[in-house]
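Coordinates in review
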Amino acid sequence: MTDGKRQFRSARSYGRADRDGFIHRSWMKSEGLPGDVFDGRPVIGICNTWSELTPCNAHLREIAEFVKRGVWEAGGLPLEFPAMSLGETQMRPTAMLFRNLLAMEVEESIRGNPIDAVVLLGGCDKTTPGQLLGAASVDLPTMVVSSGPMLNGKFRGRDIGSGTDVWKLSEAVRAGEMKAQDFFAAESGMSRSPGTCMTMGSASTMASVAEAMGLALPDNATLPAVDSRRRVLAHETGRRIVALARGNVRLSQIATRQAFENAILVSAAIGGSTNTAIHLLALAGRLGVKLSLADFDRLSREVPLLVDLQPSGKYLMEDFHYAGGVAAVMKEIAPQLALDAPTVSGKTLGENIADAECYNRDVIRTRDAPVGQHAGLWVLHGNLAPSGAVIKPSAASPSLYRHKGRAVVFETIEELRARIDDPALDIDENCVLVLKGCGPKGYPGMAEVGNMPLPRKLLERGVHDMLRISDARMSGTAFGTVILHVTPESEAGGPLAIVQSGDEILFDGPARKLELLVSGEEIARRLEAWRASRPAPKYGRGYYKLYIDHVLQADRGCDLDFLVGASGAEVERESH
Ligand code: FES
């Protein structure tokens, strides 16, 4: 029962001439599978996060059929299985709370089943990282096929971008510049095809990261979801995953330290989401790759922003694809990349991009004439963020890169929503908005609420940006001078917990500093009082409790502490 020379893991279930082999095969035959498909060929799991509750992934059943074509054609046995789907726009309190739950499900589904290699079908923000984390802890040959971006949004003669224009238009309504009925009229035009947000949100960034790391075939990140060539890519992935299974090319052999560095460089050049740092740190933790926030800051300095794409620029993912996509960006920053990194295509990264070209220099710029000099993430430290905080300079206002201001503090998201438009709120454009209680333990799940709305009275005066600080995340589609992921979070007793309205805060982006201008003694006194007044825990059972008790802080990727690392694919015992 071998395929060529190699005996696959699945042969331990399907290749047996005994009662257990009978059990494993017989029930599978109820699906209409002929007996000879259990002849020792590689079994390819297709892990599908399709769901009607995850609109960005709602076409993935069709995509799975194309992966299967390729697997059958190459002599494998494709078996599709579902995994928890995390719809970013549907799940409360935030899809991020469940990324690790998806990862656990994916890990155990792969390990527990007779699978030799796996194709991950995901797209919406947390599905790709959740699947990758789970797959990494098993470490079989693995490939990614992303949902692909939606077609560009259209509204009254112009392009509008997922998320980015929601934030822009809703602020225009609050500023009195747009009527509410016009705002709601944009709904249908914004989302007019299957696929993920067509801005450089977390979904587009993670799909680009998968391509840059060599875990997906070229063009995976940018081919529109409805483009026939995405079906071709899925078909070719089916062929390739069989070859990877035969060669036993495991995920950890592709996702090396080199691959992570390539991904960070590409993420910076394309204006990638701040969420990428969290997901890549968690993935590195699963694979035992040494990676820290400092790597993001260091590598971000090596490349400028090259892609003029929302939210850092003006174009959308369709434009990016037609301009040459991620491969054209990698060609532009090739001197910085590890071009000898292996990829799932069977070629090196350098070979993958050898023929890449840029077809629109307005969308993908050259290094000599970039969209902006500041790319990637700035990683800040100081007494307000002892373990770090991040800001995306390309989405911030240069006039606020250095700023000192008076804090206006909101203890909870509810307080922010209740007070932000209060005409009596004591605030001006030089103040610093501070939001607490939105980190991994505090929200829980570290929701995307860090891009706080500006006070209506300031919007009406034409103020369009202010310095904002929180332990939250923000959508990759969002923009503004927004300091995120303050670590440790307030709920874990970080100094953010004791900031009071009226305190002065100093932000110096170029010097990577974030300081609360309050004496060390006063901070210690306030923290002591804060600890003494802690309320009883709110969640006493279930996944919420498990998550809150075990989640790591943002600087370690918000993984659960007991999930760090890998357990491999081995399962010793039979089921009956
Ligand atoms: Fe799914 Fe943006 S909401 S990718």
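That block above? That's the structure.
Residues numbered from 1 in each chain as written. Predicted model: local features only at pLDDT ≥ 70, side-chain atom pairs only at ≥ 80, totals over all residues. Heavy atoms only, no water.

**Some thoughts on the overall build of the protein**
- Scanning the protein from terminus to terminus reveals 20 helices and 14 strands.
- The C-alpha atoms of the protein give a radius of gyration of 24 Å, which matches the 25 Å a tight globule of 576 residues would have.
- For the protein, the C-alpha atoms occupy an extent of roughly 80 × 55 × 45 Å along the three principal directions.
- Burial analysis of the protein (576 residues in total) assigns 61% to the buried set.
- Separation of charge centres in the protein, based on 65 positive and 70 negative side chains, amounts to 1 Å. (Helix = DSSP H or I, 4+ residues; strand = E, 2+ residues; numbered from the N terminus. Rg over C-alpha atoms; globule rule 2.2 N^0.38 Å. Buried < 20%, exposed > 50% of the residue type's maximum accessible area, 1.4 Å probe, protein only. Lys, Arg positive; Asp, Glu negative; His and termini not counted. Charge placed at Lys NZ, Arg CZ, Asp CG, Glu CD.)

**With respect to the packing of aromatic side chains**
- Applying the stated criterion across every chain yields a total of 6 aromatic pairs.
- Looking at Arg-61, its charged tip hangs above the ring of Trp-50, at a distance of 4.0 Å from the centre.
- Lying over the aromatic face of Phe-479, Lys-168 brings its terminal NZ or CZ to 5.8 Å of the ring centre. (Phe/Tyr/Trp six-rings, centres within 6.5 Å; stacked < 30°, edge-to-face > 60°. Lys NZ or Arg CZ within 6 Å of the ring centre and 35° of its normal.)

**So, unusual backbone geometry**
- Cis peptide bonds are those with omega within 30 degrees of zero, and the linkage from Arg-92 to Pro-93 qualifies with -5°.
- Residue placement: Pro-93 occurs in the loop between strand S2 (77-82) and helix H4 (99-112).
- Between Tyr-443 and Pro-444 the backbone carries a cis peptide bond, its omega angle lying at -5°.
- Along the polypeptide, Pro-444 turns up in the loop between strand S10 (432-435) and helix H18 (456-459).
- Even without a glycine there, the phi angle at Arg-156 is positive, about 50°.
- Assignment of secondary structure puts Arg-156 in the loop between strand S5 (153-155) and strand S6 (158-160).
- Residues other than glycine seldom take positive phi values, yet Arg-512 does so here, at roughly 60°.
- With a relative accessible area of 12%, Arg-512 lands in the buried category.

**Brief notes about empty space enclosed by the protein**
- Enumeration over the complete set of coordinates arrives at 4 cavities of 30 Å³ or more.
- If you list the elements that add at least two residues to the lining of the largest cavity, you get helix H11 (257-270), helix H12 (275-287) and helix H13 (293-300).
- Here the lining of the largest cavity takes 3 residues from H11, the largest share from any one element. (1 Å grid on protein atoms, 1.4 Å probe; cavity = no way out; pocket = protein on both sides within 12 Å on 5 of 7 lines; lining within 4 Å. Points joined across faces, edges and corners; volume = space filled by probe spheres on them.)

**Here we look at the pairing of strand S8 (residues 385-391)**
- The buried fraction of S8 amounts to 5 of the 7 residues, a majority that puts the element mostly inside the structure.
- Here 4 bridges tie strand S7 (residues 378-382) to S8, and the two strands are oriented antiparallel to one another. Considered in S8, the bridge of Leu-380 is made with Ala-389.
- In this antiparallel pair of consecutive strands, S7 and S8, the connection spans 2 residues.
- The pairing of S8 with strand S12 (residues 482-487) spans 2 bridges and is antiparallel. Its bridge partner lying in S12, Gly-388 is registered against Thr-487. (Pairing = 2+ DSSP bridges.)

**Details of the side chain of Arg-526**
- Positionally, Arg-526 belongs in helix H19 (residues 520-532).
- Its relative accessible area of 10% is what places Arg-526 among the buried residues.
- A distance of 2.8 Å separates a polar atom in the side chain of Arg-526 from the backbone oxygen of Ile-498.
- Each residue touching Arg-526, except ones within four places of it in the same chain, is listed here: Ile-498, Val-499, Gln-500, Asp-503 and Val-518. (Polar contact = N/O pair within 3.5 Å; in protein donor to acceptor, adjacent residues only side chain to side chain. Contact = heavy atoms within 4.5 Å.)

**Regarding the packing of helix H8 (residues 202-212) against H12**
- It is at 10 Å that the axes of H8 and H12 come closest, and there the two elements cross at 45°. Taken together, the axes of H8 and H12 lie oblique to each other. Considering how the two elements wind past one another, H8 and H12 form a crossing that is right-handed. In this structure, H8 contributes Ser-202, Thr-205, Met-206 and Val-209 to the contact, and H12 contributes Asn-275, Thr-276, His-279 and Leu-280. (Axes fitted to C-alpha atoms, helices over the stretch in contact; angles between N-to-C directions. Parallel < 35°, antiparallel > 145°, perpendicular 65-115°, else oblique. Left-handed = near helix turned anticlockwise from the far one by under 90°.)

**Some details on the nonpolar core**
- If you look at the biggest cluster of nonpolar residues, it comprises 122 residues, and the most contacted ones within it are Leu-121, Met-213, Ile-241, Phe-260, Leu-280 and Phe-320.
- The element contributing the most residues to this core is H11, with 9 residues.
- With residues near it in sequence (within four places) discarded, Leu-280 still touches Val-209, Met-213, Phe-260, Ala-263, Ile-264, Leu-291 and Phe-296.
- Residues Tyr-401, Ile-498, Leu-514 and Ile-523 belong to the second largest nonpolar core, which totals 28 residues. (Core = buried A, V, L, I, M, F, W, Y, C linked by side-chain atoms within 4.5 Å.)

**A short note on the environment of Ile-413**
- Inspection of the secondary structure puts Ile-413 in helix H17 (residues 413-419).
- Note on Ile-413: relative accessible area 7%, which makes it buried.
- Separated by 39 residues in sequence, Ile-413 and Met-452 have C-alpha atoms that sit 9.2 Å apart.
- If near-sequence neighbours (up to four positions away) are discounted, Ile-413 is found in contact with Leu-435, Cys-438, Tyr-443 and Val-449.

Scope: geometric values only; no functional claims are made or implied.
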